[in-house]
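Residue-level listing of the chains:
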Amino acid sequence: MLRKILIANRGEIAMRVIRAAHELDIETVAIFSEADRGALHVRNADQAYCVGPGPAARSYLNIPNIISAALISGADAVHPGYGFLAENARFAEICADHGLTFIGPTPDVIAKMGDKATAKSIMHDAKVPTTPGSGIVATPRDAANAAKKIGYPVMLKATAGGGGKGMRVVRNAAELEHSFATAQAEAEANFKDGRLYMEKLIEAPRHIEVQVLGDAAGNVVHVGERDCSVQKPSHQKLIEEAPAPALDNKVRARLHEVALAAARAVKYTSAGTLEFLVTGDDVYFMEMNTRIQVEHPVSEVVYGVDLVREQIRIASGERLSFTQKDLVARGHAIECRINAEDPQNFAPAAGTLSECALPGGYGVRVDAHAFAGMQISPYYDSLLGKIIVVAETRDEAIRRMECALRETRIGGVKTTIDVCIAVLRDERFRAGGVTIDFLPALVAPSVGLPGPGS
């Protein structure tokens, strides 16, 4: 087993890794920027090192400083969390070069799956259904030629993308040149890689993903599926649930089957997620995230497994602690992301938390890094924490989540609590099976949002 893990991240995911490591009697090392000097993960780790000033490029993305902190602290492993360097193959290679175990898949797998165009090609060869699309389109002319073959409407996507960045819907040829320039610039700004590829736009699909785990002995399992269709206009997720509601069991089985095929095709190790677009009985591979996901807790509470603990065990050279037949879904789980954002337009909200009272009770889990007096930095993601509930039925889980959200009090900044309540009360959501265009319509200016006490 590993002895000491440096967490190359911040916020709630850093806290999540610290907890899992401490339960395994493994010491932890936090890194922090000057802006995060008083952060919760810094207080709870066994050691902590400053790696630079506030901007992420000079701290949480500063590989030399992070590696130096790991070596000085005596860490023998690095957990990247999600975001930042989590899917950076070069970072994983550098960790290995310095004798540090990278808690994640191999650099080769990260590189292949991180390039969305390459990933689609590998999945196609593995007989995993993919959306009709193109390879890299280097110029607007290339994009125009590809769009003619695919047929409008299409979606331009950053090959190094994630989090909804570098994506643009193009409905006709007149929109293409402007959309290409905008998507390319956004991709370059966010990923230092402006390459784009193109896919046929699947109108109003569901976004469903499958959690997988693999070990170095070749054992691969799925830990069920999650519905992530409640997304902001930027394609960033807000509410996730497991199992996916109102899903035909044949489609569910198909998702599990192709996710395992995809993981085996790349000899996957660690925790990973296969993301799919689902419309009717059709399933299309979208991308593979070679890291732990923000929404992993809903799978954990339904299947009774600790995914981060398994990541650490796998990185230590151990086999999976269960087989596929051991994994049985029990109950229904929902997660709401509590972001420091204006609920009408999701613009980030800066400020100081004047109040922070988080919910509790039977079937309620909170993964958060927020506390009263915390300064919300403009440098990082707006996520304050996640509320996760589990209950015997979906209806009970919805009611439990609404109670938990109404119990939550965050003062000093605007948050997404009200919009989450509005979603839970919406009859379309309650019926199950909403598509990715559901939330943007719900938060249109004409729609009033209820307050936590209403």
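Residues numbered from 1 in each chain as written. Predicted model: local features only at pLDDT ≥ 70, side-chain atom pairs only at ≥ 80, totals over all residues. Heavy atoms only, no water.

1. Observations regarding the overall build of the protein chain
Stage number 1. Looking only at helices and strands, one finds 15 helices and 21 strands in the protein chain.
Stage number 2. Over its C-alpha atoms the protein chain spans a radius of gyration of 21 Å, differing by no more than 12% from the 22 Å that the globule rule assigns to 454 residues.
Stage number 3. Dimensions along the principal axes, computed over C-alpha positions, put the protein chain at roughly 55 × 55 × 45 Å.
Stage number 4. Across the 454 residues that make up the protein chain, the buried fraction comes to 57%.
Stage number 5. Put simply, of all contacts in the protein chain between residues at least 6 apart along the chain, 66% involve residues at least 24 apart.
Stage number 6. Accessible surface, the protein chain: about 17,700 Å² in total, of which carbon and sulfur atoms supply 50%.
Stage number 7. When the 50 basic and 55 acidic side-chain charges of the protein chain are each reduced to a single mean position, those positions are 1 Å apart. (Helix = DSSP H or I, 4+ residues; strand = E, 2+ residues; numbered from the N terminus. Rg over C-alpha atoms; globule rule 2.2 N^0.38 Å. Buried < 20%, exposed > 50% of the residue type's maximum accessible area, 1.4 Å probe, protein only. Contact = heavy atoms within 4.5 Å. Areas by Shrake-Rupley, 256 points an atom, 1.4 Å probe, with all protein chains shown as cover. Lys, Arg positive; Asp, Glu negative; His and termini not counted. Charge placed at Lys NZ, Arg CZ, Asp CG, Glu CD.)

2. Some thoughts on the packing of aromatic side chains
Stage number 1. Applying the stated criterion across every chain, the model contains six aromatic pairs.
Stage number 2. Ring centres of Phe84 and Tyr380 lie 6.5 Å apart, and the angle between their planes is 80 degrees; this geometry places the pair in the edge-to-face category. Taken together, the positions of Phe84 in the loop between strand E4 (77–79) and helix H4 (89–97) and Tyr380 in the loop between strand E19 (375–376) and strand E20 (383–391) put the pair 296 residues apart, joining distant regions of the chain.
Stage number 3. For Phe84, a relative accessible area of 30% gives the class partly exposed.
Stage number 4. Taking relative accessible area as the criterion, Tyr380 reaches 11% and is therefore assigned buried.
Stage number 5. The ring of Phe371 has Arg43 sitting right over it, with the charged end atom 4.4 Å from the ring centre.
Stage number 6. Above the plane of the ring of Phe429 lies Arg394, whose end atom (NZ or CZ) is 4.7 Å from the centre. (Phe/Tyr/Trp six-rings, centres within 6.5 Å; stacked < 30°, edge-to-face > 60°. Lys NZ or Arg CZ within 6 Å of the ring centre and 35° of its normal.)

3. Examining the pairing of strand E9 (residues 196–200)
Stage number 1. Burial runs high along E9: four of the five residues are buried.
Stage number 2. Note: strand E6 (residues 133–137) against E9, three bridges, orientation antiparallel. When the bridges of E9 are listed, Ile136 appears paired with Tyr197.
Stage number 3. Alignment of strand E7 (residues 154–158) against E9, held across five bridges, turns out to be antiparallel. Each residue of the ladder has a partner; that of Met155, found in E9, is Glu199. (Pairing = 2+ DSSP bridges.)

4. Digging into the confidence of the model for the protein chain
Stage number 1. On average, the protein chain scores 95 in pLDDT, and the residues at 70 or more come to 98%.
Stage number 2. Averaged pLDDT values over the elements of the protein chain bottom out at 90 in helix H6 (residues 116–125) and peak at 99 in strand E1 (residues 4–7).
Stage number 3. Long-range and interchain partners of residues 450–454, a stretch whose pLDDT sits below 50, account for 14 contacts in this model, where long-range means more than four residues apart. (pLDDT = per-residue confidence, 0-100.)

5. Structural notes on the domain arrangement of the protein chain
Often the size quoted for an interface is simply the accessible area lost on bringing the parts together.
Stage number 1. Splitting the protein chain by domain gives domain 1 (4–88), domain 2 (132–200) and domain 3 (206–443).
Stage number 2. In this structure, domain 2 and domain 3 have C-alpha centres spaced 27 Å apart.
Stage number 3. Counting each side, the surface lost to burial between domain 2 and domain 3 is near 460 Å², with a carbon and sulfur contribution of 49%.
Stage number 4. Along the contact surface separating domain 2 from domain 3 lie zero salt bridges.
Stage number 5. Across the contact surface, domain 2 and domain 3 share zero residue pairs in polar contact (both at pLDDT 80 or more). (Domains from an automatic or database assignment. Buried area = accessible area lost by both parts, 1.4 Å probe. Salt bridge = Lys/Arg side-chain N within 4 Å of Asp/Glu carboxyl O. Polar contact = N/O pair within 3.5 Å; in protein donor to acceptor, adjacent residues only side chain to side chain.)

6. A word on empty space enclosed by the protein
Stage number 1. Enumeration according to the criterion identifies three cavities of 30 Å³ or more in this entry.
Stage number 2. Of the volumes computed, that of the largest cavity is approximately 60 Å³.
Stage number 3. What lines the largest cavity is Ile338, Leu358, Val366, Ala368, Ala370, Leu384, Gly385, Lys386, Ile387 and Ile410.
Stage number 4. For the lining of the largest cavity, the elements supplying multiple residues, two or more each, are strand E18 (364–368) and E20.
Stage number 5. Sort the elements by how many residues they give to the lining of the largest cavity and E20 lands first, with four residues.
Stage number 6. Among the residues forming the lining of the largest cavity, the class breakdown is eight nonpolar, one polar and one charged. (1 Å grid on protein atoms, 1.4 Å probe; cavity = no way out; pocket = protein on both sides within 12 Å on 5 of 7 lines; lining within 4 Å. Points joined across faces, edges and corners; volume = space filled by probe spheres on them. Nonpolar A, V, L, I, M, F, W, Y, C, P; charged D, E, K, R; others polar.)

7. Side note on unusual backbone geometry
Stage number 1. With an omega of 0 degrees, the peptide bond running from Tyr152 to Pro153 counts as cis.
Stage number 2. Summarising the element assignment, Pro153 is placed in the loop between helix H7 (140–150) and E7.
Stage number 3. Omega for the peptide link from Ala242 to Pro243 comes to -10 degrees, which places this bond in the cis form.
Stage number 4. On the secondary structure map, Pro243 appears in the loop between strand E12 (237–242) and helix H9 (249–265).
Stage number 5. Unusually for a residue other than glycine, His235 sits at a positive phi of about 75 degrees.

8. Brief notes about the pattern of salt bridges
Stage number 1. All chains considered together, the criterion is met by 35 salt bridges.
Stage number 2. Two residues, Glu257 and Arg254, come together in a salt bridge whose shortest N-O distance is 3.5 Å. Highlighted residues: Glu257 and Arg254, both in helix H9, separated by three residues, approximately one helical turn.
Stage number 3. When salt bridges with common partners are traced through the structure, they connect Glu209, Arg226, Lys237, Glu240, Glu275, Glu295 and Arg337 into a single cluster.

9. Quick word on the state of the cysteines
Stage number 1. On inspection of all chains with the given rule, the structure shows zero disulfides.
Stage number 2. Counting only cysteine sulfurs, Cys420 is the nearest neighbor of Cys336, a cysteine outside any disulfide, at a range of 4.0 Å.
Stage number 3. Here Cys356 is not disulfide-linked; the sulfur of Cys420 is the nearest cysteine sulfur, at 15 Å. (Disulfide = S-S within 2.5 Å.)

10. Topic: the environment of Pro53
Stage number 1. With respect to the element layout, Pro53 can be found in the loop between strand E3 (47–52) and helix H3 (63–73).
Stage number 2. Sequence separation between Pro53 and Phe32 is 21 residues, and the spatial gap between their C-alpha atoms is 8.8 Å.
Stage number 3. In contact with Pro53, other than residues within four places in its own chain, are Ser33, Glu34, Arg58 and Ser59.

11. What to know about the sheet that holds strand E8 (residues 167–170)
Stage number 1. Taken together, four strands build an open sheet; the order of strands is E6-E9-E7-E8 and the sheet is antiparallel. Two strands in the sheet have a free side with no partner beyond their single neighbour: E6 and E8. Here the strands of the sheet are splayed against their neighbours by 20 degrees on average, with no regard to which way each runs. (Axes fitted to C-alpha atoms, helices over the stretch in contact; angles between N-to-C directions.)

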